[in-house]
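Residues per chain are reported as follows:
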Amino acid sequence: MMIQEQEPQAEPEATRRDSDGTESSRANRGWWDRNADEYQIEHGTFLGDDRFVWCPEGLDEVEAGLLGSQESLKGRDVLEIGAGAAQCSRWLAAQGARPVALDLSHRQLQHALRIGEGRSTAFPLVQADAGALPFADGSFDLACSAYGAVPFVAEPVRVFREVRRVLRPGGRWVFSVTHPVRWAFPDEPGPEGLTAAASYFDRTPYVEQDERGRAVYVEHHRTLGDRVRDLVAGGFRLVDLVEPEWPAWNTQEWGGWSPLRGTLLPGTAIFVCERD
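These notes cover the structure that comes with them. (Residues numbered from 1 in each chain as written. Predicted model: local features only at pLDDT ≥ 70, side-chain atom pairs only at ≥ 80, totals over all residues. Heavy atoms only, no water.)

**Some details on the sheet that holds strand S6 (residues 167–178)**
The seven strands lie next to each other as S4-S3-S2-S5-S6-S10-S9, forming an open sheet whose pairing is mixed. Either end of the sheet is taken by a strand with one partner, and the two such strands are strand S4 (125–127) and strand S9 (236–242). Pairs of neighbouring strands in the sheet enclose a mean axial angle of 20°, with direction left out of account. On top of the sheet, helix H4 (residues 106–116) reaches strand S3 (98–103) and S4; it is set at about 170° to S4, its chief contact. On top of the sheet, helix H5 (residues 156–166) reaches strand S2 (77–81), strand S5 (140–146), S6, S9 and strand S10 (268–275); it is set at about 145° to S6, its chief contact. (Pairing = 2+ DSSP bridges. Helix = DSSP H or I, 4+ residues; strand = E, 2+ residues; numbered from the N terminus. Axes fitted to C-alpha atoms, helices over the stretch in contact; angles between N-to-C directions. Contact = heavy atoms within 4.5 Å.)

Have a look at this one:
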């Protein structure tokens, strides 16, 4: 009996077009489920199993203290949104916090189970959409997200309002995203990524779509001003905006992030916010 070989799937087409919340959520859930294994193989060493790394620049929560002092985390209820393999939540648990790791991707959470197997610091893993958090009002003291969820959602205000709802009064919400300035430049780590090629003010989403025009990956662009307005509309007060500089020790490339670009252009924006 002859075994027919499967035809290789065509590479997705990269384009800029509108993509609503339903399409974006479906596309990105599928993308992360398909690519979680490769992502953890490629970046797992840099991220570690139980570190809290905010960005490709390598800024660590140990030195940044954006959630507060390490001592203050003990006994705090913390929600990590877009947790991936829950490396950040594992670090939080080691500090005595009570984290919950939430992600849209089932496969990413399977990696969280794999890494956490046999460890003493167990915590809940939840598969859910950031725009519809399955928690009661006022369930958490802190919420955080290191490049999770926020860049991929079509309605960020909806997410921020959900985060505010599940936080207790005075709760802190800290998240990192690609620095909005980077959207004006090609996503290339070399010299070709240093020349502006698009309008910073073009909010049209970046979409990768299959041969039938169905989105298989979506990212949404917001300017710095948009992010601030979205946060205010979501019920938050902006406390700090951190733009990590590229450190001399970090010699690795991560997609469009590199030492060359990092010394000239901001790559990450970290928003530190509080719920009144």
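Anyway, onward from the coordinates.
**Focus on the pattern of salt bridges**
Across all of its chains, the model carries 20 salt bridges by this definition. The closest approach of N and O atoms between Asp 141 and Arg 168, which form a salt bridge, is 3.0 Å. Of this pair, Asp 141 sits in strand S5 while Arg 168 sits in strand S6, and the two are 27 residues apart along the sequence. Under the relative-accessibility criterion, Arg 168 is labelled partly exposed at 27%. With a closest N to O distance of 2.8 Å, Arg 172 and Glu 274 form a salt bridge. Placement of Arg 172 in strand S6 and of Glu 274 in strand S10 is noted, with a sequence separation of 102 residues between them. Each member of the pair, Arg 172 together with Glu 274, is buried. (Salt bridge = Lys/Arg side-chain N within 4 Å of Asp/Glu carboxyl O. Buried < 20%, exposed > 50% of the residue type's maximum accessible area, 1.4 Å probe, protein only.)

**Examining the packing of H5 against helix H6 (residues 224–233)**
Running from N to C, H5 and H6 point in directions that differ by 45°, and their axes come no closer than 8 Å. When the interaxial angle is binned, H5 and H6 end up oblique. Note that H5 runs across H6; the crossing there is right-handed. Contacts between H5 and H6 involve Pro 156, Val 157, Phe 160 and Arg 161 from the first element and Arg 227, Asp 230, Leu 231 and Ala 233 from the second. For the contact of H5 with H6, the per-class residue count stands at five nonpolar, no polar and three charged. (Parallel < 35°, antiparallel > 145°, perpendicular 65-115°, else oblique. Left-handed = near helix turned anticlockwise from the far one by under 90°. Nonpolar A, V, L, I, M, F, W, Y, C, P; charged D, E, K, R; others polar.)

**Here's the deal with the sheet that holds strand S8 (residues 215–219)**
If you trace the three strands from one edge of the open sheet to the other, you get S1-S7-S8, paired in antiparallel fashion. Of all the strands in the sheet, the pair left with one neighbour each is strand S1 (13–16) and S8. The mean angle between the axes of side-by-side strands here comes to 20°, regardless of whether they run parallel or antiparallel. Along the sheet, helix H1 (residues 21–47) contacts strand S7 (206–209) and S8; its crossing angle with S8, the most-contacted strand, is approximately 105°.

**What to know about the environment of Asp 49**
Along the chain, Asp 49 turns up in the loop between H1 and helix H2 (61–64). Other than its neighbours up to four places away in sequence, Asp 49 contacts Gln 87, Arg 90, Ile 115 and Arg 119. In this structure the side chain of Asp 49 is engaged in a polar contact, spanning 3.4 Å, whose partner is the side chain of Arg 119. (Polar contact = N/O pair within 3.5 Å; in protein donor to acceptor, adjacent residues only side chain to side chain.)

**Some details on the nonpolar core**
The tendency in soluble globular proteins is for nonpolar side chains to be buried side by side. One finds Leu 79, Ile 81, Phe 135, Val 163, Trp 173 and Phe 175 to be the most contacted residues of the largest nonpolar core, which totals 27 residues. Secondary structure elements with two or more residues in this core: S2, S3, S5, H5, S6 and S10. (Core = buried A, V, L, I, M, F, W, Y, C linked by side-chain atoms within 4.5 Å.)

**Comments concerning the packing of aromatic side chains**
Applying the stated criterion across every chain yields a total of 17 aromatic pairs. On the basis of an interplanar angle of 45° and a centroid distance of 4.6 Å, the ring pair of Phe 52 and Trp 54 is categorised as tilted. Of the two residues examined, Phe 52 and Trp 54, each falls in the buried class. Summarising the aromatic geometry, the rings of Phe 152 and Tyr 217 are spaced 6.1 Å apart at their centres and angled 75° between planes, so their arrangement reads as edge-to-face. Of the two residues, Phe 152 is situated in the loop between S5 and H5 and Tyr 217 in strand S8; the sequence distance between them amounts to 65 residues. This pair shows no difference in class: Phe 152 is buried, exactly as Tyr 217 is. Put simply, the rings of Trp 31, Trp 32, Tyr 39, Phe 46, Phe 152, Tyr 206, Tyr 217 and Trp 254 touch in pairs and so form one group of aromatic residues. Sitting over the ring of Trp 257, Arg 182 keeps its end group 4.9 Å from the ring centre. (Phe/Tyr/Trp six-rings, centres within 6.5 Å; stacked < 30°, edge-to-face > 60°. Lys NZ or Arg CZ within 6 Å of the ring centre and 35° of its normal.)

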